Amino acid sequence: MTKSKLTEIRWHGRGGQGAVTSAELVAQAAIGEGKYAQAFPSFSPERRGAPVMAFNRINPDEPIRTRAEVDQPDVVLIMDPNLLSILDATSGLKEGGTVIINTKKSVEQVRKDFGISARLALVDANTIAQETLGVLIVNTTMIGAMIKATGVISSESIKEPFEKRFGRLAERNIKALERAVEETKIGEWLEMAKAKTKEKPGTKGELSWKEIEIGCFITKPGNSVEIKTGDWKSRRPEFDFDKCNKCTLCYFFCPEGCIAKTKDGYFEADLFYCKGCGICATECPKDAITMVEEAK
Ligand code: SF4
Ligand code: SF4
């Protein structure tokens, strides 16, 4: 008897980008095709902009008994390219696996910038979502890239879950998905990627568990200030001093405490720590703060 083909998928996104919804929609489509499927999120701080993960398992033949998080995926999806600077996209990736990234960059540029030699599928999901949906929510576009790169579900089977979830907005989401299917570029797996997965931890370029610093401990007083928690953000606040009346509301509402007074009495965010949540912009009574997309 041949072993059934289980596909394990790991989604990386930010709170508000729809990673969990994507995983659910993919599982519903797979079940609609008569397959077995799971979708579940990783539990973490539920904050807009915070890195989040979600997971799928899809098996065409057999029920899935495993309930653990996916740590050896066949497919990794990166919904925000800024995450590439704070996570290892290929962590645990199986040999022959695929990394799907929302980026404007070419395959060659991604390989050079992030050292990813695995099979790549790249799509400019931000542009597609903005032009097709009118909002920067890339989840349905990323599903299109996944369909193109893996064929684990079909474009047809996703339509019903879209219609149930999005109602009258389903049509636009289907268009975004179909555009992603058209426009996703594939860069095949390089030989050096295979070599990397065969390396034993601790032999070359990887830390063994004995070398990893223990988490959740303060190893040096005040070391939290050295950590660039602003890496989370996909948007940043821009302050317009011509509109600002120096009311201080942004200063008090910022949950990170990263807004400070300038020497002229205006306010500015320290982008090293700002998470891009947008609360300051929402609370500002003078519309003096605009959230703009982070440069990729
Ligand atoms: S500065 Fe604004 S966007 Fe940044 S963390 Fe504070 S409230 Fe959120
Ligand atoms: S909330 Fe707006 S108006 Fe008030 S200090 Fe901040 S930027 Fe200025």
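Structure shown above.
Each value, and the rule that gives it
- Every chain is numbered on its own, with residues counted from 1 as its sequence reads.
- Lettering of chains starts at A and numbering of ligands starts at 1, both following the order in which they are written.
- For a predicted model such as this one, the threshold for reporting local features is a pLDDT of at least 70, and the threshold for listing and counting side-chain atom pairs is 80 or more; totals across whole chains, interfaces and linings nevertheless cover every residue.
- Excluded from the side-chain calculations are hydrogens and water; all other atoms, namely the structure's heavy atoms, are used.
- The numbering of helices and of strands both runs from the N terminus, where a helix is a DSSP run of H or I of at least 4 residues and a strand a run of E of at least 2.
- Note on areas: Shrake-Rupley with a 1.4 Å probe; residue coverage comes only from the protein chains shown.
- Here, expected helix span is obtained from the residue count minus one, scaled by 1.5 Å.
- The criterion used for residue contact is that any of the two residues' heavy atoms lie within 4.5 Å.
- Burial classes: relative accessible area under 20% of the type maximum marks a residue as buried, over 50% as exposed, and values in between as partly exposed (1.4 Å probe, protein chains only).
- The pairing criterion for strands is at least two bridges between them, as found by DSSP.
- By convention, a crossover is right-handed whenever its connection, traced from the first strand over the helix to the second and viewed with the strands pointing away, goes clockwise.
- A molecule or strand has a residue near it when one of that residue's heavy atoms lies within 4 Å.
- Residues were grouped as follows: Ala, Val, Leu, Ile, Met, Phe, Trp, Tyr, Cys and Pro as nonpolar; Asp, Glu, Lys and Arg as charged; and all remaining residues, including Gly, as polar.
- In this text, buried Ala, Val, Leu, Ile, Met, Phe, Trp, Tyr and Cys residues form a nonpolar core when linked through side-chain atoms within 4.5 Å.
- Angles here are taken between N-to-C directions and fall from 0 to 180 degrees, while the axes themselves are lines fitted to C-alpha atoms, restricted in helices to the stretch in contact.
- Throughout, the term roughly parallel applies to angles under 35 degrees, roughly antiparallel to angles over 145, roughly perpendicular to angles from 65 to 115, and oblique to all others.
- Put simply, a crossing is left-handed when the front helix is turned counterclockwise from the back one by less than a right angle, and right-handed when it is turned clockwise.
- By convention, a stacked pair of Phe, Tyr or Trp rings (six-membered ring in the case of Trp) has centres within 6.5 Å and planes under 30 degrees apart, an edge-to-face pair has planes over 60 apart, and any other such pair is tilted.
- By definition, being over a ring means that NZ of Lys or CZ of Arg is both within 6 Å of the ring centre and within 35 degrees of the ring normal.
- In this context, the arc is that of the directions from the helix axis out to the C-beta atoms.

Draft legend 1. Examining the overall build of the protein chain more closely. Helix and strand content of the protein chain: nine helices and 11 strands. Of the roughly 16200 Å² of accessible surface on the protein chain, 53% is carried by carbon and sulfur atoms.

Draft legend 2. Region of interest: helix 1 (residues 19–32). The terminal C-alpha atoms of helix 1 lie 20 Å apart, and with 14 residues this matches the ideal 20 Å at 1.5 Å per residue to within 8%. Next to the buried residues of helix 1 lie strand 1 (7–14), strand 2 (36–41), strand 3 (51–59), helix 4 (139–150) and helix 5 (159–166). Note on helix 1: the residue one or two positions beyond its end, G34, has a positive phi of about 85 degrees.

Draft legend 3. Highlighting the pairing of strand 5 (residues 98–102). The buried fraction of strand 5 amounts to five of the five residues, a majority that puts the element mostly inside the structure. The alternating pattern of strand 5 places T98, I100 and N102 on one face and V99 and I101 on the opposite face, and all of these are buried. Of the strand pairs in this sheet, strand 4 (residues 75–78) and strand 5 are connected by four bridges, and their pairing is parallel. The residue bridging V75 from the neighbouring strand is T98, located in strand 5. Note that strand 5 and strand 6 (residues 119–123) share five bridges and pair parallel. Across the sheet, V99 pairs through a bridge with L120, a residue of strand 6. Between the parallel elements strand 5 and strand 6, the chain passes through helix 2 (residues 107–114) in a crossover that is right-handed.

Draft legend 4. The arrangement of the site of ligand 2 in detail. Not every one of the 14 residues close to ligand 2 is listed here, only the nearest: C244, N245, C247, C250 and C284. Split into classes, the residues belonging to the shell around ligand 2 amount to 10 nonpolar, two polar and two charged.

Draft legend 5. Region of interest: the site of ligand 1. Neighbouring ligand 1 are 14 residues; C254, C274, C277, G278 and C280 lie closest to it. Split into classes, the residues belonging to the shell around ligand 1 amount to 10 nonpolar, two polar and two charged.

Draft legend 6. View of the nonpolar core. The biggest cluster of nonpolar side chains holds 37 residues, and the ones touching the most others in it are W11, I100, M142, I143, M146, I153 and I158. Elements supplying a minimum of two residues to this core: strand 1, helix 1, strand 3, strand 4, strand 6, helix 3 (125–133), helix 4 and helix 6 (170–183). For I153, the residues in contact, after removing those within four places along its chain, are V26, A29, A30, E33, I58, I143, M146, I147 and I158. Counting 15 residues, the second-largest nonpolar core is a separate cluster that includes L83, V107, V110 and W189.

Draft legend 7. Up close: the packing of helix 4 against helix 6. Two elements in contact, helix 4 and helix 6, have axes separated by 7 Å at closest approach and are oriented at 40 degrees. Here helix 6 runs oblique to helix 4, going by the angle between their axes. Relative to helix 6, helix 4 is oriented so that their crossing is right-handed. Where helix 4 approaches helix 6, its residues T140, T141, I143, G144, A145, I147 and K148 are matched on the opposing element by N173, A176, L177, A180, V181 and E182. Of the residues assigned to the contact of helix 4 with helix 6, the class counts are seven nonpolar, four polar and two charged.

Draft legend 8. View of the sheet that holds strand 3. One open sheet holds the seven strands; their spatial order is 2-3-1-4-5-6-7, and the pairing between them is mixed. Each edge of the sheet is formed by a strand with only one pairing partner; in this case those strands are strand 2 and strand 7 (185–187). In this sheet, adjacent strand axes meet at a mean angle of 15 degrees when their direction is disregarded.

Draft legend 9. Representation of the environment of Y266. Inspection of the secondary structure assignment puts Y266 in the loop between strand 9 (259–261) and strand 10 (267–269). Remark: the alpha-carbon pair of Y266 and D240, spanning 26 residues in sequence, is separated by 9.4 Å. Those residues in contact with Y266 that sit more than four places away from it in its chain are F241, C244, K246, A260 and K261.

Draft legend 10. Representation of the packing of aromatic side chains within the structure. For the structure shown, the criterion picks out six aromatic pairs. The rings of Y251, F252 and F267 are connected pair by pair, giving a single aromatic cluster. A cation over a ring is seen here: K246 above Y266, with NZ or CZ 4.4 Å from the ring centre.

Draft legend 11. Local environment of helix 2. Of all the residues in helix 2, the buried ones are V107, V110 and R111. The arc that holds every buried residue of helix 2, seen down its axis, measures 100 degrees, which confines them to one face. Turned more than 90 degrees off the buried face of helix 2, the exposed positions are E108 and K112. Where helix 2 is buried, its residues meet strand 5, strand 6 and strand 7.

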